[in-house]
Amino acid sequence: MQPFRIALCQVRAGDIEEPERNLQNILRALDAAGEAGAQLVVLPECSYPAYYLKNASPYERADVRDFEEVSALFADAARRHGYWLAAGMAVPHSHGKLTNSAVVFGPDGEGRGRYDKSFLWHFDSNWFERGREFPVWDAGFARFGALICADGRQPEIARSLALHGAEVILDLTAWVSSGRESAQLSNTQCEYFMPVRAFENGVWVAAADKWGTEAGSIVYAGRSLVIDPSGVTRVCAPSDEESVVVYDLEPMGVDIVPRRPALYRTLGEPAVGQPIMKVLSESLVPALANRRVAVVPSNGTFNASTIAARYRELRAQDADLVVFGGEDGPEGWQVELSALEAAVRETGGALVLGVATTGCSAHQSTVLITPEATIEHNATHGRGIQLGAAPSPVVPTPVGNVALMCGDEGFVPEVARGLMLAGADLVAWAAFRPHPMLDAIVRTRADENRIFVAAAWEDAAVVAGPTGALLAVSPRGSGVAMTATVNKALSRMKEMAPGTDVVRNRLPEAYGALLR
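One structure accompanies this document, and this report is about it. Numbering of residues starts from 1 in each chain and follows the order in which that chain's sequence is written. Local features in this predicted model are restricted to residues whose pLDDT is 70 or higher, and side-chain atom pairs enter the listing and the counts only when it is 80 or higher, whereas totals over whole chains, interfaces and linings include all residues. Excluding hydrogens and water, the side-chain figures rest on all heavy atoms present in the structure.

Things to note about the overall build of the protein
We count it as follows: A run of DSSP states H or I qualifies as a helix once it reaches four residues; a run of E qualifies as a strand once it reaches two. Both are numbered from the N-terminal end. The size measure is the radius of gyration over C-alpha atoms, and the globule rule it meets is 2.2 Å times the number of residues to the 0.38 power. Exposure categories follow from relative accessible area, calculated using a 1.4 Å probe and restricted to protein chains: below 20% of the type maximum is buried, above 50% is exposed, and the middle band is partly exposed. Any pair of residues with heavy atoms lying within 4.5 Å of one another is described as a contacting pair.
From N to C terminus, the protein includes 11 helices and 29 strands. For 516 residues, the compact-globule formula gives about 24 Å, and the C-alpha radius of gyration of the protein, at 24 Å, lands near that figure. Relative to its 516 residues, the protein shows a buried fraction of 59%. Here the analysis covers contacts within the protein between residues at least 6 apart in sequence; of these, 69% occur between residues at least 24 apart.

Here it is in structure tokens:
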């Protein structure tokens with residue numbers, strides 16, 4: 001990758017009944033991007049003719065220009081200004097269907113291909129076909145791929161683009177929002193999803209969104225932004241005005257956690273036959289499923305008697321599962337587990353803790369203790385440690401089916417994804433060292449899998465619900481334990497929106513790159 005300039009055209013949304021106004025706004029933004037010296041320009045999702053199409057025949061409307069005519073106008077803008085252009089368009093096909101696409105034009109005005117949205121959101125499926133391929137373009141100064149809006153909620157899509165060589169991921173989006181003040185609108189994708197996608201893949205992310213409303217009920221968040229490979233948002237547009245966001249990207253080295261594709265076999269298998277499908281078919285009474293989970297920041301050094309005392313205190317406060325942050329321990333620390341096992345047998349519930357050793361060889365482990373068994377899971381991902389050979393088992397507990405993550409495993413989206421497919425309702429993550437992305441990663445792992453995530457580390461702890469909402473947050477540096485109510489019925493509601501299911505709408509046959 002070489003330094004280059006990108007422009008994100010945050011155009012005002014317009015209804016399908018006003019396509020010419022939409023088009024003229026787009027053309028003005030494209031000229032402004034060219035005048036700013038952009039080398040790569042991005043338009044939002046379905047900039048033309050609109051996002052909410054109402055039916056599968058938008059180009060049959062008398063006031064909607066032909067797709068070929070609009071494409072020619074976009075190609076002309078790319079040629080006149082000499083930039084690459086990724087244009088969000090509803091693309092008609094000869095068989096009568098549409099795709100929600102990123103249509104890519106080169107600086108010579110020639111069409112270079114397109115990406116079709118893969119994870120369709122809500123009424124998308126009423127008129128769009130799904131895409132099943134994840135192309136990457138080489139612009140000379142950088143290799144880029146594209147995803148579209150809800151695609152950012154599926155970790156396999158951004159990961160596939162990165163594995164195909166993308167150094168920059170473009171997000172052509174239509175982030176919806178709500179709020180009392182237009183100037184304060186936001187969306188979970190700009191808050192944590194896309195920063196995590198940048199961080200976990202070590203790529204730049206550039207998202208172009210609309211602002212304003214469509215159909216009197218769809219409100220867009222704006223917030224077009226550029227995120228660097230460390231997950232830091234470098235520039236972000238306001239939510240309530242037209243804007244052409246211009247930013248100069250540059251090479252930036254980052255160290256992502258190495259993948260282990262041999263452990264991801266289930267990610268390429270159909271949902272039918274996966275343990276999660278059996279779990280989702282189980283009957284339960286939500287009113288009887290409320291449980292309490294506690295998270296405890298670590299003290300830094302493993303001390304079994306201190307943990308046992310803290311556990312008893314939290315059990316007295318009705319915590320059914322207590323998750324302690326990862327701590328440093330001596331070799332042979334397992335001999336001290338008897339004190340913790342005794343506390344769990346005497347008071348019930350379940351306890352999770354993490355321990356790292358740096359003796360003859362470095363290890364990181366997370367342990368789950370229930371009245372019936374003690375399970376030690378060795379970290380399968382990480383740097384400078386001896387790695388475990390298998391993912392965590394999924395264990396029935398009073399709070400639901402629990403699986404474990406240890407250390408850097410949480411930074412790798414395939415790990416939590418596999419645990420969800422194995423039937424986990426809650427993932428207990430014993431992390432070790434503070435990291436500025438931890439809160440965002442916890443929320444993303446919970447939201448993208450529709451599970452609970454209870455995580456704790458050296459100076460803080462959080463519990464996130466299946467929508468990514470933070471249910472409990474320990475004040476940083478306080479050492480205070482926090483509790484939250486969880487209900488496994490919520491982790492078994494896998495629809496993000498009507499018809500948009502994180503399990504049933506995956507395309508495992510398209511995720512071959514993850515397994516290599």
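Now that the structure is up, let's keep going.
Some details on the pairing of strand β22 (residues 400-406)
Using the following cut-off: A pair of strands is labelled paired if DSSP reports no fewer than 2 bridges between them. Seen with its strands pointing away from the viewer, a crossover is right-handed when the path leading from the first strand over the helix to the second is clockwise.
Across the 7 residues of β22, 7 count as buried, placing the element largely inside the fold. Direction of pairing for strand β21 (residues 395-397) relative to β22: antiparallel, over a ladder of 3 bridges. By the bridge assignment for β22, threonine 397 is matched with glycine 400. Here β21 folds back onto β22, and the loop between the two strands holds 2 residues. Examined bridge by bridge, β22 and strand β23 (residues 426-430) share 5 bridges and lie parallel to one another. By the bridge assignment, leucine 404 is partnered in β23 with alanine 428. On the question of chirality, the crossover connecting β22 to the parallel β23 by way of helix α9 (residues 413-421) is right-handed.

Re the environment of glutamine 274
To be explicit about the condition: As used in this structure description, the phrase polar contact means that two N or O atoms lie within 3.5 Å; if the pair is within protein, one of them must be able to donate a hydrogen and the other to accept it, and residues adjacent in sequence are counted only when both atoms belong to side chains.
Tracing the backbone shows glutamine 274 in the loop between β15 (243-249) and α6 (275-280). C-alpha of glutamine 274 to C-alpha of valine 503: the two residues are 229 residues apart in sequence and 9.9 Å apart in space. Filtering out sequence-adjacent residues up to four positions away, glutamine 274 remains in contact with Thr266, Glu269 and Leu421. One polar contact links the side chain of glutamine 274 to the main-chain carbonyl oxygen of threonine 266, over a distance of 2.8 Å.

Looking at the pattern of salt bridges
Put simply, the rule is: What counts as a salt bridge is simple: a side-chain nitrogen of Lys or Arg found within 4 Å of a carboxyl oxygen of Asp or Glu.
For the structure on display, the rule yields 36 salt bridges. Glutamate 414 is the partner of arginine 159 in a salt bridge, and the nearest nitrogen-oxygen pair spans 2.8 Å. Here arginine 159, found in helix α4 (residues 155-163), pairs with glutamate 414, found in helix α9; they are 255 residues apart in sequence, far enough to count as distant. Exposure remark for arginine 159: the relative accessible area of 3% places this residue in the buried category. Connected through shared salt-bridge partners, Asp31, Asp76, Arg79 and Arg80 make up one network.

A short note on α4
Of all 9 residues that make up α4, 8 are buried, and the element is covered over most of its length. Along α4, the positions that sit buried rather than exposed are Pro155, Glu156, Ile157, Ala158, Arg159, Ser160, Leu161 and Ala162. Among the residues trailing α4, glycine 165 stands out with phi positive, at a value near 110°.

What to know about the pairing of strand β12 (residues 218-221)
Pairing analysis gives 4 bridges linking strand β11 (residues 211-214) to β12, with the strands arranged antiparallel. Pairing of glycine 212 across the sheet is with tyrosine 220, part of β12. The antiparallel hairpin formed by β11 and β12 contains 3 residues in its connecting segment, where alanine 215 sits at a positive phi of about 60°.

Quick notes on the nonpolar core
Going by this rule: Nonpolar cores are built from buried Ala, Val, Leu, Ile, Met, Phe, Trp, Tyr and Cys residues. Side-chain atoms within 4.5 Å join them into one set.
By size, the foremost hydrophobic cluster in this structure holds 92 residues, and its most contacted members are Ile6, Phe144, Leu170 and Trp429. Apart from the residues within four sequence positions on either side, phenylalanine 144 is in contact with Leu40, Trp84, Val104, Val136, Trp137, Ala139, Ala166, Val168 and Leu170. In terms of nonpolar packing, the next biggest core, distinct from the first, is built from 43 residues, Cys46, Val70, Ala78 and Ala174 among them.

Some thoughts on the sheet that holds β23
Quick note on the threshold: Helix axes are fitted to C-alpha atoms over the stretch in contact, other axes to C-alpha atoms as well, and angles between N-to-C directions run from 0 to 180 degrees.
Strand order in this open sheet of 6 strands is β21-β22-β23-β24-β25-β26, and the pairing throughout is mixed. The sheet terminates laterally at β21 and β26 (470-473), the two strands that pair on one side only. When strand polarity is set aside, the average angle formed by the axes of neighbouring strands in this sheet is 25°. Lying on the sheet, α9 is in contact with β22 and β23; it crosses β22 at an angle near 160°. Against the sheet, helix α10 (residues 438-449) touches β23, β24 (452-456), β25 (461-464) and β26, its axis set at about 25° to β25.

A look at the sheet that holds strand β14 (residues 233-236)
Read across the sheet, 6 strands follow the order β7-β8-β9-β10-β13-β14 without closing on themselves; strand pairing throughout is mixed. Looking at which strands have only one partner, the edges of the open sheet turn out to be β7 (136-138) and β14. Geometrically, the sheet is characterised by an average inter-axis angle of 20° between neighbouring strands, direction not taken into account. Of the strands in this sheet, β7, β8 (143-148) and β9 (168-172) touch α4, which is tilted by about 165° from β8. The sheet strands contacting helix α5 (residues 188-201) are β8, β9, β10 (204-208), β13 (225-227) and β14, and the helix crosses β13 at an angle near 35°.

By themselves these figures say nothing about function.
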